[in-house]
Amino acid sequence: MPRPAAWLLPATVVLLAAGVAAACADDPDETVGPDEVADEPGDAPGGAPGDAPVETEEPEPAPDDADDLEFEPLPTPQTPEIEEPDAPEGPDPDAVAAHGVSAGHPAAVDVGMEVLDNGGNAVDAAIATAYAVSVVEPFGSGLGGGGVTLVHPHGEPPIALDYRDVVAQNGQVPASNIGIPGFVAGMESLRETHGTADRDELVAPAIALAEDGVDTSRTLADWLRASAHRLPTQSLGHFFPGGAALAQGDALVQEQLAGTLRRISDEGAEAFYAGDLGDELAGAVDGIDVESLAAYEVAETPPASGSFAGYELYSSGPPLAGGALIGLLQMTEALGVDELEPGSADFVHAVAIAWRLAEQRLNWNVGDPAFVDVPLDELTDADANAALAEQIDMGAVLPIDPGQPDGGVDTEGASTTHITVVDADGTMVSMTNTLRNFWGSGRYALGFFLNDQLHNFGQRPGSPNDPPEAGKRTVASSAPVIVADVEQRPVLGAGTPGGRRIPTVLANVLLRWGVHGEDLEDAIAAPRVHMSGGVLQTEQPLAQDVANDLRGRGHGQISQPPSAYHFGSVQALELDHDADELRGARDERRDADWRVEDL
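Criteria and cut-off values
Residues numbered from 1 in each chain as written. Predicted model: local features only at pLDDT ≥ 70, side-chain atom pairs only at ≥ 80, totals over all residues. Heavy atoms only, no water. Helix = DSSP H or I, 4+ residues; strand = E, 2+ residues; numbered from the N terminus. Buried < 20%, exposed > 50% of the residue type's maximum accessible area, 1.4 Å probe, protein only. Contact = heavy atoms within 4.5 Å. Areas by Shrake-Rupley, 256 points an atom, 1.4 Å probe, with all protein chains shown as cover. Axes fitted to C-alpha atoms, helices over the stretch in contact; angles between N-to-C directions. Parallel < 35°, antiparallel > 145°, perpendicular 65-115°, else oblique. Left-handed = near helix turned anticlockwise from the far one by under 90°. Phe/Tyr/Trp six-rings, centres within 6.5 Å; stacked < 30°, edge-to-face > 60°. Lys NZ or Arg CZ within 6 Å of the ring centre and 35° of its normal. Core = buried A, V, L, I, M, F, W, Y, C linked by side-chain atoms within 4.5 Å. Salt bridge = Lys/Arg side-chain N within 4 Å of Asp/Glu carboxyl O. Polar contact = N/O pair within 3.5 Å; in protein donor to acceptor, adjacent residues only side chain to side chain. Pairing = 2+ DSSP bridges. Expected span 1.5 Å × (residues − 1).

## Things to note about the overall build of the protein chain
- Helix and strand content of the protein chain: 16 helices and 20 strands.
- Counting the 599 residues in the protein chain, one finds 63% classified as buried.
- Within the protein chain, counting contacts between residues at least 6 apart in sequence, those at least 24 apart form 76% of the total.
- When the accessible area of the protein chain is evaluated, it comes to approximately 20,200 Å², of which 47% is carbon and sulfur surface.

Pasting the structure below:
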């Protein structure tokens, strides 16, 4: 008897949205960065290509951050309500006559643009791009992971789909930390509810990339070399021919992945969650079983939303980090960030301490809303965040209370992928997909890597995130963004990889773009800052006078990241309705690209 396809039905119990902080930069479970120095031969890119890899079955658990901050949990609402603006009838005739795609790899951008050129809408293009990204960036997302997507039709309220990995039906977290993957269910749910193209049209380009091969990118080459110590290199000959990692420019052919994609193209998500493909996956991977695959559900939820710089900002709902990002931005506005020069000591201090408060607030008030009530309205309320900002002393770091940990729940590493798409009707899609850490759990089956998303449980005992339960999603940092104007027209879509730094990476860009009026290209290129526990992390060394000023305020530890990939890679598209233009910007930190065509 066939198993029911529960994965296709949105979970109706999920009614709220907020967010929480993500992966700790100092997490020893995070893959060694490409610019770090290895302690042992073969540990990191610094080793010679022929160094023998050291296999590690399980990463060491990450310690909690030592620094703490006083903050009382918010009261839990008894009857949460969400109000949405009425959707206008029909499309807005003022939509910009252009379409475009921004993604982490040029080949994936080409796939999305071809779908748009052939008459597909933004959702169709995002799905095809996501499948292509799973081929060209297998370290960051794919069939073994999950994600979250915002869809914002021109002039209408946006929706959010959460298809992240969940706890199996036995309620247990396996030693591998692998959750039941949601990517395939999410892509099919998006296509059936918001797309227009046939499934085979959207998966075919990814099959071709996997079968015909693609040139290994700089980022992929770096992370193959950096991660050899935690991958089964002997069984990954297409990634490690002759035992050595592929170099930049080498051809990568993934025949097994192509076969799996073809089965999904032919049979749909049913094959993955209630068919032979799922049976094979369950038989090959500890922690995945056929009952849990059949029970998987995609959750359609209202996104987190809040006012910012005269706009309405939408992002991922709980238990993701959208609410944290909104709170951070609203607190900096209350601190007068519009009068603070970007990069100045005042600007850096305001962003750092506002993030400390936003992260602290959400750590102890956010969990999976299917299991706990989340005070979303309070978390994203501009007045409430302005009142919270009154705790911030612009001349000193906030005192630390050891009774309230400040470091946040440990979540995904600097991995993850993002896609932004705009179609000719003005519909915008902002999609973030992830395996959590680079290469996820490092477990490989049927041509793809499995996530380690359930690692996020147990990091803050007593918080709403715990305990793990059947079908539960963990807190995590993903925060796709859509910014809308007062007419409910999307004007900016953005997102980034970067683990725990995702909210602050985006805040750095949004403050420069939305508050200070910088061009999108300049805002994305500008150096970034992040507060991690008691450490102020800066992408580039600060000017001596700025560093001295910040140390005088109590920022005793100021450091630069060990990896060039630490601060993510923002994929964004901007709709300028006044100029009737759609434009993007390339983030040089990775292999990202974008294309726009006027129609």
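## A closer look at the packing of helix H10 (residues 322–334) against helix H11 (residues 345–363)
- Two elements in contact, H10 and H11, have axes whose closest approach is 8 Å; the angle formed by their N-to-C orientations is 140°. The pairing of H10 with H11 is recorded here as oblique in orientation. Between H10 and H11 the crossing geometry is right-handed. Of the residues in H11, those touching H10 at Gly323, Ala324, Gly327, Leu328, Met331 and Thr332 are Ala350, Val351, Ala354, Trp355, Leu357, Ala358 and Leu362.

## Focus: the packing of aromatic side chains
- Under the definition given, this model contains 14 aromatic pairs.
- For the ring pair Phe139 and Trp439, a centre distance of 6.0 Å and an interplane angle of 70° mean the geometry is edge-to-face. Of this pair, Phe139 sits in the loop between helix H2 (122–136) and strand S2 (146–152) while Trp439 sits in the loop between strand S10 (428–434) and strand S11 (444–445), placing them 300 residues apart in sequence.
- Take Phe139: its relative accessible area is 1%, and that puts it in the buried class.
- Classification of Trp439 by relative accessible area gives buried; the value is 0%.
- Among the aromatic residues, ring-to-ring pairing joins Phe139, Trp223, Phe239, Phe438, Trp439, Tyr444, Phe449 and Tyr565 into one connected group.
- The residue whose ring lies beneath Lys472 is Phe371, and the NZ or CZ to ring-centre distance is 5.6 Å.

## Considering the nonpolar core
- Core analysis: the biggest nonpolar cluster contains 84 residues, and Tyr131, Leu143 and Phe272 have the highest contact counts within it.
- Here this core takes 12 residues from H2, the largest share from any one element.
- Sequence-distant contacts of Phe272, defined by excluding residues within four places in its chain, comprise Leu143, Pro181, Val184, Ile264, Leu277, Gly278, Leu281, Leu293 and Phe448.

## Focus: the pattern of salt bridges
- Within the structure shown, the criterion is met by 26 salt bridges.
- For Arg473, the salt bridge identified is with Asp162, shortest N-O distance 3.0 Å. On the criterion of sequence distance, the pair formed by Arg473 in the loop between strand S12 (448–449) and strand S13 (481–484) and Asp162 in strand S3 (residues 159–162) is long-range, its members being 311 residues apart.
- For Arg473, a relative accessible area of 6% gives the class buried.
- On the basis of relative accessible area, Asp162 is assigned to the buried category, the value being 6%.

## Looking at the side chain of Thr417
- Relative to the helices and strands, Thr417 resides in strand S9 (residues 417–422).
- In this structure the side chain of Thr417 is engaged in a polar contact, spanning 3.1 Å, whose partner is the side chain of Ser141.
- What Thr417 contacts, discounting residues up to four positions off in sequence, is Val133, Glu137, Gly140, Ser141, Met431, Thr432, Asn433 and Pro497.

## Regarding the sheet that holds strand S15 (residues 529–532)
- The 3 strands are arranged S15-S16-S17 in an open sheet whose pairing can be described as mixed. Looking at the sheet topology across the chains shown, the edges are occupied by S15 and strand S17 (557–559). The average angle at which neighbouring strand axes cross in this sheet is 20°, direction not considered.
- Judged from the 3 bridges that link them, strand S16 (residues 535–538) and S17 form a sheet pairing that is parallel. Note that in S17 the partner of Leu536 across the bridge is Ile558.

## Side note on H11
- The end-to-end C-alpha distance of H11, which contains 19 residues, comes to 27 Å, matching closely the 27 Å that a straight helix rising 1.5 Å per residue would cover.
- Counting buried positions along H11 yields 18 of 19 residues, so the element is predominantly enclosed.

## A look at the packing of H2 against helix H3 (residues 183–194)
- Close contact between H2 and H3 brings their axes to 9 Å; oriented N to C, the two are set at 160°. Taken as axis vectors, H2 and H3 run roughly antiparallel relative to one another. At the point where H2 passes H3, the crossing takes the left-handed sense. Across the interface between the two elements, Val123, Ile127, Ala130 and Tyr131 of H2 pack against Phe183, Val184, Met187, Leu190, Arg191 and His194 of H3.

## Remarks on helix H5 (residues 218–227)
- H5 sits mainly inside the fold: 8 of its 10 residues count as buried.
- Taken together, the buried positions of H5 are occupied by Thr219, Leu220, Ala221, Asp222, Trp223, Leu224, Ala226 and Ser227.

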